[in-house]
There are 2 protein chains.
Amino acid sequence: MRPVAIVGIGQTPVREHWDAGLRELAVQAVWQALDECHLDTIDVFYVGNMLSGTLTGQEHLATLIAEYAGLTGVEAIKAEAACGSGAAAFRQAVLAVASGAAEVALAVGVEKLTETSTHKTTDGLASAADADYETAMGISFVALNALLMRRYMYEYRYHKSDFSAFIEIAHRNAVHNPHAMFRHRVHRDQYERAKMVADPVNLLDSSPIADGAAAVVISSQDRINQFPNRPIWVAACEVSTDTIALDNRENPLWLKAAERSVRKAFKTSGLTHRDIQLFELHDAFSIMSALSLEGSGFAERGTAVRLANEGHFAIDGLLPISTFGGLKARGHPVGATGLYQIVEATLQLRGQAPKAIQLPDARIAMTQNIGGSGATIITTILSRERL
Amino acid sequence: MRPVAIVGIGQTPVREHWDAGLRELAVQAVWQALDECHLDTIDVFYVGNMLSGTLTGQEHLATLIAEYAGLTGVEAIKAEAACGSGAAAFRQAVLAVASGAAEVALAVGVEKLTETSTHKTTDGLASAADADYETAMGISFVALNALLMRRYMYEYRYHKSDFSAFIEIAHRNAVHNPHAMFRHRVHRDQYERAKMVADPVNLLDSSPIADGAAAVVISSQDRINQFPNRPIWVAACEVSTDTIALDNRENPLWLKAAERSVRKAFKTSGLTHRDIQLFELHDAFSIMSALSLEGSGFAERGTAVRLANEGHFAIDGLLPISTFGGLKARGHPVGATGLYQIVEATLQLRGQAPKAIQLPDARIAMTQNIGGSGATIITTILSRERL
């Protein structure tokens, strides 16, 4: 495989965008990313999106967005892996350039969740679970996470309020991210008083329903010098899967797909846990932060919540997470999330993050995008230097 | 890019499968393809599908099917490009192996259109068009094709009954294909009496709503000798796009994306029109056969219908099309269609087609899968020898 690097990025603010549809949001992010590179076209175009068909009656999304971005004619394909769709599109762009089929590729993730009723959106999100054996029984996505959280609390003897640490970290960082949906701090007493959604998951455990788009331009090494920004190298981008339904797993508290995709990413890059300076994880629910950290090998089983309370994952901790607010406070426009994570890690490695959340001398970052309750996990390692 | 070849194929019959859902259909095709290669796993898994979310409430389809095929853990991503989703998944599998990221990849296309009301399926299919500027006005997919057919008849002075030739060819070939939905001949007088759907498109101009799945296994050259079947080489697989909405095109009768993807495929393979011995085209509607042949350079503008009537595209003609019945008579399970075409071309090149439709000494075949009214076109060239 040929080495590839990120040479351009773009993102819209994450919020309820009542003045922009899918195509307008996507095009904003695409143009920003192309402008950064002084490009007006690319060789291949991938869109990450989960719910455009179900919520807005629009499939065939990649070709549509290519057209509205002024790229008619370009190769365009949509990638879908539920909430992991953004990183899935990124993975395809990496393969297209690494194979030599393309010199410059663009991946954009976009989701528009607020164009319909919340009820319909909740149903749509549940289509990441097993339609015949989970959602047919009436379980929602929040309820699946509630089962996991309850079991984790029982197994490792945590109190509900212990999870507050993850929410506090995310919101503290989001204050400084101009693209974040919730730019305010959250304190433990607010967390403890938050409205219950599906016991024990409360409103502050849950990432918000939101709209947004994020894009990256990827280039081969041959073309790298033509771009004004420092290239950020893709040291690894690896996908692994697990069963969709939780009840098919040996141990629902262990994300096998995280373990496997991280192992593959370290094998591909030659790096180890020690090299990772920040971890943009998939905190769709606070329980997912804990499971992701443990499955990925950044915390022993049952210890992630304790480490969070000890400051391990704060912006000045040993392994900062959710440095721009994460899914929790930046917001979670499903199919766009994986690309927001990659855009944010790129800003950190370029040294372009807002001052209060910029990590000093960030050289290596990991991002992890999750589809469903851990059924598809895509782990990416980015590096300031070519490895 | 590394050379890649097709080493295994599988397909289910195309029909209304009342006894099998999405996952069962897909798994049947996947297992056939793996069995042919004596494989029990692969490195990466792509699913081509358009409407599982809209029609059956199931997104996250690639990981789900991987699980039910006994491949839990494998990299799995769904590719969507409307009716071009099957070949889009194939394209991703080719890139994964060509890049060196995988040695063996599997692409399966699957669609289940009959699990809901015909009304809902028709709405779903219309989501391949522009939701805001076409379908919001009430136009269906058949109606878009009716506009194209009417204009073609006016522009090139054809009678409606002239299009019968395409239907006769497809049905004559399908008689011999055990997987085809309609294994009976159709004669001109039947075509002329067929019920009108959207004038001038009648029932026999239209491919049927159907269920089905088709799969192929792709291997790198290094691993080719371990497989029992003769490898069929992927000489080219190229994607091009056009505007989604017909009214945004300079000339709606000219499929620019066909012209461009065929040009790219010839450039990649070093082949020319003369080398192509059969053409599995995307005859979702009979007008699409004509436009595809002309845009691809196999007929001058306005002449494809005349050539069809002269026997040019019959099984014993100069350029046989729809040799297994095409979308018209084999059936059109949307996201699976592109992979049915590739499976059928592979059978021709292996010399394994049923006797009455086997082309003597077939060495080079082209397939063309179309998303929407020509907005995404994926052209593949397969070869019996490595070029």
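Along each chain, residues carry numbers from 1 onward, in the same order as the chain's sequence is written. The naming scheme follows written order: chains are lettered A onward, ligands numbered 1 onward. Whole-chain, interface and lining totals are the exception, using all residues; otherwise, since this is a predicted model, local features are given only for residues with pLDDT of at least 70 and side-chain atom pairs are given and counted only at 80 or more. Excluded from the side-chain calculations are hydrogens and water; all other atoms, namely the structure's heavy atoms, are used.

Student: For the overall build of chain A, give the residues involved together with the corresponding values.
Tutor: Each helix is a run of H or I in the DSSP string that is no shorter than four residues. Each strand is a run of E no shorter than two, and both are numbered from the N terminus. From N to C terminus, chain A includes 13 helices and eleven strands. Structurally, chain A occupies a C-alpha span of about 55 × 45 × 40 Å along its principal axes. Exposure is judged per residue with a 1.4 Å probe applied to protein chains only, and the accessible area is read against the type maximum: over 50% gives exposed, under 20% gives buried, and values in between give partly exposed. Looking at the 387 residues of chain A, the share that counts as buried comes to 70%. Taking as baseline every contact in chain A between residues at least 6 positions apart, the subset at least 24 positions apart corresponds to 77%. Here, two residues are considered to be in contact whenever any of their heavy atoms come within 4.5 Å of each other.

Student: Lay out the relation of the copies chain A and chain B with the relevant residues and their values.
Tutor: Rotating chain A by 180 degrees about the axis while translating it 0.0 Å along that axis superimposes it on chain B, leaving an RMSD of 0.0 Å. Here the symmetry operator amounts to a two-fold rotation axis. Within chain A, the C-alpha atom positioned nearest to the axis of rotation is that of Ser-99 of chain A, 1.8 Å from it. Superposing copies: least-squares fit, C-alpha atoms only, residues required to have pLDDT of at least 70 in both.

Student: Describe in detail the pairing of strand S3 (residues 75-80) of chain B, supporting the description with residues and values.
Tutor: For S3 of chain B, the tally of buried residues reaches six of six residues, placing the bulk of the element in the interior. Neither face of S3 of chain B is left uncovered, since the one carrying Glu-75, Ile-77 and Ala-79 of chain B and the one carrying Ala-76, Lys-78 and Glu-80 of chain B both have all their residues buried. Strand pairing is assigned whenever DSSP identifies at least 2 bridges connecting the two strands. As paired strands, strand S3 (residues 75-80) of chain A and S3 of chain B are joined by three bridges and run antiparallel to one another. Bridge assignment links Glu-80 of chain A to a residue of S3 of chain B, and that residue is Lys-78 of chain B. Across five bridges, the pairing between strand S2 (residues 44-48) of chain B and S3 of chain B is parallel. Residue Phe-45 of chain B lies in a different strand from S3 of chain B, and its bridge partner there is Ala-76 of chain B.

Student: Could you give an account of the interface of chain A and chain B, naming the residues involved and the relevant values?
Tutor: Interfaces are often sized by the amount of accessible area the parts lose when they come together. Residue-level contacts link 57 residues of chain A with 57 residues of chain B. Once two parts are joined, some of their accessible surface, as seen by a 1.4 Å probe, is lost; buried area is that loss totalled over both. Summing the contributions of chain A and of chain B, the shared interface buries around 4400 Å²; its carbon and sulfur component is 49%. On the chain A side of the interface with chain B, the three residues burying the most area are Glu-59, His-60 and Glu-80 of chain A, jointly 15% of the side's total. Note on definitions: salt bridges are taken to be side-chain nitrogens of Lys or Arg within 4 Å of carboxyl oxygens of Asp or Glu. At the junction of chain A and chain B, the tally comes to six salt bridges.

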